[in-house]
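Read off the chains here:
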Amino acid sequence: MGKAYRAERVFLRDESFGLSGSAGFIEALKTKSQQRSESSASISSAPDESQTAAQLIRQARGILVICHIMPDGDAIGSLLGLAWALHKLGKEHTLACADPVPDSFVYLPGSEDIVSYPEGNYDLVISLDCSDLKRLGVAYDQNSLRGVPIINIDHHVTNVGFGSVNWVDPNSAATAQMVLTLIERLGVPLDPTIATCLLNGIVTDTRGFRTPNTTPAVMEAATRLMMAGASMSEITQQVFNRRPLAVVRLWGRALSAVQLDDRIIWTEINQAMKHECGFSSDSGDGLVGFLTSACEADVGIVFTEKDNGTIDVSIRSMPGIDISNVAMRLGGGGHPQAAGCNLNSSLAEARERVLAELRRSLLEQAAAININ
Ligand code: AMP
Ligand code: MN
Ligand code: MN
């Protein structure tokens, strides 16, 4: 049941954002690029949407590239990797993200150029690693960008298909892997800068090549990026091996209050804990992955009270348990084993809602296994 539902959502186009003006053009372009890809033997494994995306980029004069709010390593790595390729193509572009670049990704070249409120005239928007328009946050201004085509490049199974072109590939381990294909389609040669940004995306979204979607194709993409000059050891050092003391202290506080019930493990981070530990960011920063490593648990959750008072919910599960549908029902999204949502409630209310929804989903999934 879950599968059919998801397949339907991925390609569902949300018409409510006034993009229909560009639809005829986009459809024509799709047909054209399909004809071209049928007659061409090169890079035939990627879907046609990548051809359409490359074609639109070649024609564009001012491009706005945006990634999702509370950016992670894939969002920032994809944004910067594509930006350096656009730079090589001589394309005018602006990089935007509603929230600041987390400390661990500031080392990536160009991170200082990312703005929250882009200003300029754009004839193309590229959305990266983002499953719905709402998650672009303030970086996407619906009024000034009305009618401007959006290329939606993403790998979330919960992507709602909000773009004029929707290149959504849940089989890709990271959006950065798709951006690598796009850059190759654009004919831009890789260099150490582009390669570092993209490998940063792949390494972080696979948690260091440990997720079940780490296929030979992912390793092959990573190899190509290393051969182009990216340093795997530098990236892993930056993103996994070092963190501020405040984070270590916060983990300590959160881990000492951990709860386990029926193979679900969770903990909470409130504002007071953040202040006491000197932690200034909104992100749980990898804690949920560590929590879910407990052998007694199949699902892990971290509830974090954000500075704006809403609750960020980060969920992880063992392979075989799909938590993306739970996140989606709660207004969020994600991947089968890594998903999240944001709730406008107290920490206690968020906990009760998420646990109830999760337990219901786990029962449904267990029942589906028994039926089959
Ligand atoms: P996180 O737990 O924040 O690392 O997120 C895990 C996955 O779920 C990532 O792929 C996020 O993009 C996605 N995700 C997290 N929160 C949301 C949300 N509120 N809406 C949609 N997707 C989300
Ligand atoms: Mn992401
Ligand atoms: Mn991603």
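Relevant structure appears above.
Residues numbered from 1 in each chain as written. Chains lettered and ligands numbered in written order. Predicted model: local features only at pLDDT ≥ 70, side-chain atom pairs only at ≥ 80, totals over all residues.

(A) Representation of unusual backbone geometry. You will see that Met70, though not glycine, has its phi angle at about 45 degrees, which is positive. Using a count of 21 C-beta atoms within 10 Å as the deciding quantity, one classes Met70 as buried. Phi is positive for Phe209, which is not a glycine, with a value near 60 degrees. Here Phe209 is to be found in the loop between helix H6 (192-205) and helix H7 (216-227). (Buried ≥ 20, exposed ≤ 12 C-beta atoms within 10 Å, placed from the backbone. Helix = DSSP H or I, 4+ residues; strand = E, 2+ residues; numbered from the N terminus.)

(B) Here's a closer look at the site of ligand 1. Close to ligand 1 lie 16 residues; Ser314, Gly332, Gly333, Gly334 and Gly340 are nearest. Looking at the shell around ligand 1, the elements that each hand over two or more residues are strand S10 (333-334) and strand S11 (338-343). With five residues, the single largest contributor to the shell around ligand 1 is S11. A per-class count over the shell around ligand 1 returns four nonpolar, 10 polar and two charged. The residues that make up the shell around ligand 1 include at least three from each of domain 1 (2-239) and domain 2 (245-371). (Near = placed C-beta within 6 Å. Nonpolar A, V, L, I, M, F, W, Y, C, P; charged D, E, K, R; others polar. Domains from an automatic or database assignment.)

(C) Representation of the nonpolar core in the model. Counting residues in each nonpolar core, the largest one holds 63 residues, and the members touching the most others are Val65, Ile66, Leu79, Leu124, Leu128 and Leu198. Excluding anything up to four places from it in sequence, Leu79 contacts Val65, Cys67, Leu95, Cys97, Ile114 and Leu128. Among the nonpolar cores identified, the runner-up in size contains 33 residues, and Trp251, Trp266, Leu291 and Ala327 belong to it. (Core = buried A, V, L, I, M, F, W, Y, C linked by C-beta atoms within 7 Å. Contact = placed C-beta atoms within 7 Å.)

(D) Main features of the pairing of strand S7 (residues 264-269). Where burial is concerned, most of S7 is hidden: five out of the six residues are buried. Across three bridges, strand S6 (residues 259-261) lies against S7 in antiparallel orientation. Within the sheet, the bridge partner assigned to Asp261 lies in S7 and is Ile264. Connecting S6 to the next strand, S7, in antiparallel fashion are two residues, including Asp262 with a positive phi near 55 degrees. Pairing analysis gives six bridges linking S7 to strand S8 (residues 299-305), with the strands arranged parallel. If you follow Trp266 over to S8, its bridge partner there is Ile301. (Pairing = 2+ DSSP bridges.)

(E) View of the packing of H6 against helix H8 (residues 232-241). For the pair H6 and H8, the least separation of the axes is 10 Å and the interaxial angle reads 55 degrees. When the axes of H6 and H8 are compared, the pair comes out oblique. H8 is crossed by H6, and the crossing has right-handed handedness. Seen from H6, the contacting residues are Thr196, Leu199, Asn200, Val203 and Thr204; seen from H8, they are Met232, Ile235, Thr236 and Val239. (Axes fitted to C-alpha atoms, helices over the stretch in contact; angles between N-to-C directions. Parallel < 35°, antiparallel > 145°, perpendicular 65-115°, else oblique. Left-handed = near helix turned anticlockwise from the far one by under 90°.)

(F) Region of interest: the packing of H6 against H7. One way to put it is that H6 packs onto H7 with a least axis distance of 9 Å and a crossing angle of 155 degrees. In terms of orientation, H6 and H7 fall into the roughly antiparallel class. Like other packed secondary-structure pairs, H6 and H7 cross with a definite hand, here left-handed. Contacts from Ala195, Leu198, Leu199 and Ile202 in H6 reach Val218, Ala221, Ala222 and Leu225 in H7. Of the residues belonging to the contact of H6 with H7, the class tally is eight nonpolar, no polar and no charged.

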